[in-house]
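# Results of the structural survey
If you want the building blocks of each chain, they are given just below.
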Amino acid sequence: MTRDVIEQFWATMATNDFDAASTLLSPDFEYYMPQSQEYLTGRASFAGLNKTYPAQGAWTFDVRSLVVEAQRAVSEVAISDGVMKATAVTFHWVRDGFIWRQVEYWPDPYEAPGFRSKWTKVVDRPPF
């Protein structure tokens, strides 16, 4: 059940209907972004945050990894509005068929250090 809820959540986010996506959240949903220390509660706040984000176009969500254990899951998702590209690593807790909590990390990309180029190459995504 947990996998189904998380997969449905990301698929619904990809429609850009954030009100519909919020129906997959528990009424007492909690969301936290550690890097900015922002916390919000409730479906309406989640939908409002996403609907008013100053995007350049429609959002895309490419689920690159999803690991599920009982009522918990971790997803890695490539997100873009056609201009901005980011990765979100989200820890999800599911309760009673709804996403109850999320802690979401938005790591900043950085240029690969030159000294590692002897052993590495820069790729858009892992080849595995």
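The following paragraphs examine the structure supplied in this document.

How each quantity is defined
Residues numbered from 1 in each chain as written. Predicted model: local features only at pLDDT ≥ 70, side-chain atom pairs only at ≥ 80, totals over all residues. Heavy atoms only, no water. Helix = DSSP H or I, 4+ residues; strand = E, 2+ residues; numbered from the N terminus. Buried < 20%, exposed > 50% of the residue type's maximum accessible area, 1.4 Å probe, protein only. Contact = heavy atoms within 4.5 Å. Lys, Arg positive; Asp, Glu negative; His and termini not counted. Charge placed at Lys NZ, Arg CZ, Asp CG, Glu CD. Pairing = 2+ DSSP bridges.

The subject of this paragraph is the overall build of the chain. Scanning the chain from N- to C-terminus turns up three helices and six strands. Going from the N terminus to the C terminus, the chain shows its helices and strands as α-α-β-β-α-β-β-β-β. Here the C-alpha coordinates of the chain stretch approximately 50 × 35 × 25 Å along the principal axes. Here the chain, with 128 residues, has 32% of them falling under the buried criterion. At a minimum sequence separation of 6, the contacts of the chain that also span at least 24 residues come to 44%. Taking the average location of the 12 positive side-chain charges in the chain and that of its 16 negative ones, the two points are 7 Å from each other.

For strand 1 (residues 25–33) and strand 6 (residues 98–105), the ladder comprises four bridges, and the chain directions are parallel. The residue bridging Tyr 32 from the neighbouring strand is Val 103, located in strand 6. Looking at chain direction, strand 5 (residues 85–95) and strand 6 are connected through seven bridges and run antiparallel. What sits directly across from Thr 90, in strand 6, is Glu 104. Following strand 5, the chain reverses through two residues before pairing antiparallel with strand 6; Asp 96 in that reversal takes a positive phi of roughly 55°.

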